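# A closer look at the structure
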Amino acid sequence: MINILFSGNSYVFDGVMTTLLSIEKYCKEPITAYVYTMDVSYLNPKFTPIEDDQIEFIDKMLKETNPLSRCVKVDVTELYKSELGGSPNEGSYCTPYTLLRLLADKVEGMPEDKLLYLDIDLLVNDDIRKLYDIDLGDYEYAAAKDHYGKKFLHSDYINAGVLLFNMKRIKETKLLEKARRMINEKHMVFSDQSAIYNCTTKKMLLSQRFNDQKWLKKDTIIRHFCKTLKLLPYPRTVNIKPWKVSDIHKVFGCYKFDDVLYEYVYYKKLYERQKLMQEKGANDEK
């Protein structure tokens, strides 16, 4: 079983689908995809949980590849409020949903050995087991360096978009507990990413191919489409997500993932069609 953690609000549906479809292309092992979510609409009307029917749809989609796979919604609203609510980082440039991975040691029923956290703006280009099966030993987690952070912050500064957690070890060292304390005490530009980095006892640095934030190379395992800087034809930041298929073609000239993305388009239209039929049926009953 491969245990994967996502987090987000009702807008992560597309990203969770595209990421999981790209994983399933190369890996047929059963997957448990946990989605941490919460209702903090008092902060922003858009901060509502991912919908139950979206989770159910992803669950069915996963089971088409392996009947033992599943997608699990984990509502951490109350846990978030008690552990991180009102922190100086609640209104940082990222949404508070990025903080939810810091709760992984507090949520009941989570795996006791490995847990792979993934951002929802990445696509897998090879068998995810090449990452998941890495022996973590006494390391708290494995992560690749951040493309810009390693140049401007610290030479070993990590990108937290791909984190292979050693759950047993981080509970022993209290890594996430310390990170939550830092989040509550100090405002940081990169909030939880910096908190994890600063509270780390021992980390394994991965090859950039496990979290390539800039290019797609022949040996790339994960292509992470995070915000990046492009210099031509003029300097600007680009923040295009994988499910924006036309923009991925136009801006990045990337067609490598078309089979996965076209499969996503099929499933997205199927979901929308089913939802429309359900709403129509509900209206007819009134």
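First, a word on scope: everything that follows refers to the structure included in this document. (Residues numbered from 1 in each chain as written. Predicted model: local features only at pLDDT ≥ 70, side-chain atom pairs only at ≥ 80, totals over all residues. Heavy atoms only, no water.)

The helix and strand tally for the chain stands at ten helices and eleven strands. In terms of overall size, the chain behaves like a compact globule, its C-alpha atoms giving a radius of gyration of 19 Å where 286 residues would be expected to give roughly 19 Å. Counting only residues that meet the buried cut, the chain has 54% of its 286 residues in that class. If you take every contact in the chain between residues at least 6 apart in sequence, the share linking residues at least 24 apart comes to 72%. (Helix = DSSP H or I, 4+ residues; strand = E, 2+ residues; numbered from the N terminus. Rg over C-alpha atoms; globule rule 2.2 N^0.38 Å. Buried < 20%, exposed > 50% of the residue type's maximum accessible area, 1.4 Å probe, protein only. Contact = heavy atoms within 4.5 Å.)

A probe matching the size of a water molecule, rolled over the atoms, marks out where space remains unfilled. Quantified by volume, the largest pocket comes out at close to 1300 Å³. Contributing to the lining of the largest pocket are 43 residues, with Tyr93, Cys94, Asp119, Asp121 and Lys241 lying nearest its centre. Of all elements in the fold, only strand S4 (114-118), helix H5 (149-152), helix H8 (191-199) and strand S10 (228-230) reach the threshold of two or more residues within the lining of the largest pocket. At three residues, H8 tops the list of elements feeding residues into the lining of the largest pocket. Of the residues that constitute the lining of the largest pocket, the class distribution is 18 nonpolar, 17 polar and eight charged. (1 Å grid on protein atoms, 1.4 Å probe; cavity = no way out; pocket = protein on both sides within 12 Å on 5 of 7 lines; lining within 4 Å. Points joined across faces, edges and corners; volume = space filled by probe spheres on them. Nonpolar A, V, L, I, M, F, W, Y, C, P; charged D, E, K, R; others polar.)

As a further point, take the pairing of strand S2 (residues 31-37). The buried count for S2 comes to seven of seven residues, which makes it a mostly enclosed element. Alternating positions in S2 separate into two faces, Ile31, Ala33, Val35 and Thr37 on one and Thr32, Tyr34 and Tyr36 on the other, with burial throughout. Across six bridges, the pairing between strand S1 (residues 2-7) and S2 is parallel. Note that in S2 the partner of Leu5 across the bridge is Tyr34. Tracing the backbone out of S1, into helix H1 (residues 13-26) and back to the parallel element S2 gives a crossover that is right-handed. Summarising the sheet, S2 and strand S3 (residues 70-75) pair through six bridges and their orientation is parallel. Opposite Thr37, over in S3, you have Asp75 as the bridge partner. Where the polypeptide runs from S2 across helix H2 (residues 52-65) and back to S3, its parallel neighbour, the crossover connection is right-handed. (Pairing = 2+ DSSP bridges. Right-handed = clockwise from strand over helix to strand, strands pointing away.)

With their axes 11 Å apart at the nearest point, H1 and H2 run at an angle of 10 degrees to one another. Taken together, the axes of H1 and H2 lie roughly parallel to each other. Counted together, Phe13, Val16, Met17, Leu20, Leu21 and Glu24 of H1 and Gln54, Phe57, Ile58, Met61, Leu62 and Thr65 of H2 form the full contact between these two elements. For the contact of H1 with H2, the per-class residue count stands at nine nonpolar, two polar and one charged. (Axes fitted to C-alpha atoms, helices over the stretch in contact; angles between N-to-C directions. Parallel < 35°, antiparallel > 145°, perpendicular 65-115°, else oblique.)

The next point concerns the pattern of salt bridges. Applying the stated rule across the entire model yields 21 salt bridges. Ionic pairing is found between Asp121 and Lys241, a salt bridge with its closest N-O pair at 2.8 Å. Pair noted here: Asp121 is in the loop between S4 and strand S5 (122-124) and Lys241 is in the loop between strand S11 (236-238) and helix H9 (245-252), with a separation of 120 residues, a long-range link. Summarising the burial analysis for this pair, Asp121 and Lys241 share the class buried. A salt bridge links Arg129 to Asp127; the nearest nitrogen and oxygen atoms lie 2.4 Å apart. (Salt bridge = Lys/Arg side-chain N within 4 Å of Asp/Glu carboxyl O.)

Moving on to the sheet that holds strand S8 (residues 203-206). The seven strands are arranged S3-S2-S1-S4-S7-S6-S8 in an open sheet whose pairing can be described as mixed. Where the open sheet ends on each side, the last strands, each with one partner, are S3 and S8. In this sheet, adjacent strand axes meet at a mean angle of 25 degrees when their direction is disregarded. In the sheet, strand S6 (residues 141-144) pairs with strand S7 (residues 162-166) via two bridges, with the strands oriented antiparallel. Across the sheet, Tyr141 pairs through a bridge with Phe165, a residue of S7. Taken strand by strand, H2 contacts S2 and S3, and its axis lies near 155 degrees from that of S3.

Tracing the backbone through its elements, the reader meets Leu5 in strand S1. Using a relative accessible area of 1% as the deciding quantity, one classes Leu5 as buried. Each C-alpha atom, one on Leu5 and one on Met188, is 23 Å from the other, the two residues being 183 residues apart in sequence. Not counting residues up to four positions away in its chain, the partners in contact with Leu5 are Tyr34, Tyr36, Arg101, Ala104, Leu115, Leu116, Tyr117 and Leu118.

Inspection of the secondary structure assignment puts Ser10 in the loop between S1 and H1. Taking the relative accessible area as the measure of exposure, Ser10 reaches 17% and is therefore buried. Taking the C-alpha atoms as reference points, Ser10 and Lys46, 36 residues apart in sequence, are found 7.9 Å from one another. Residues contacting Ser10, with those up to four places away along its chain left out, are Lys46, Thr48, Pro49, Ile50 and Gln54.

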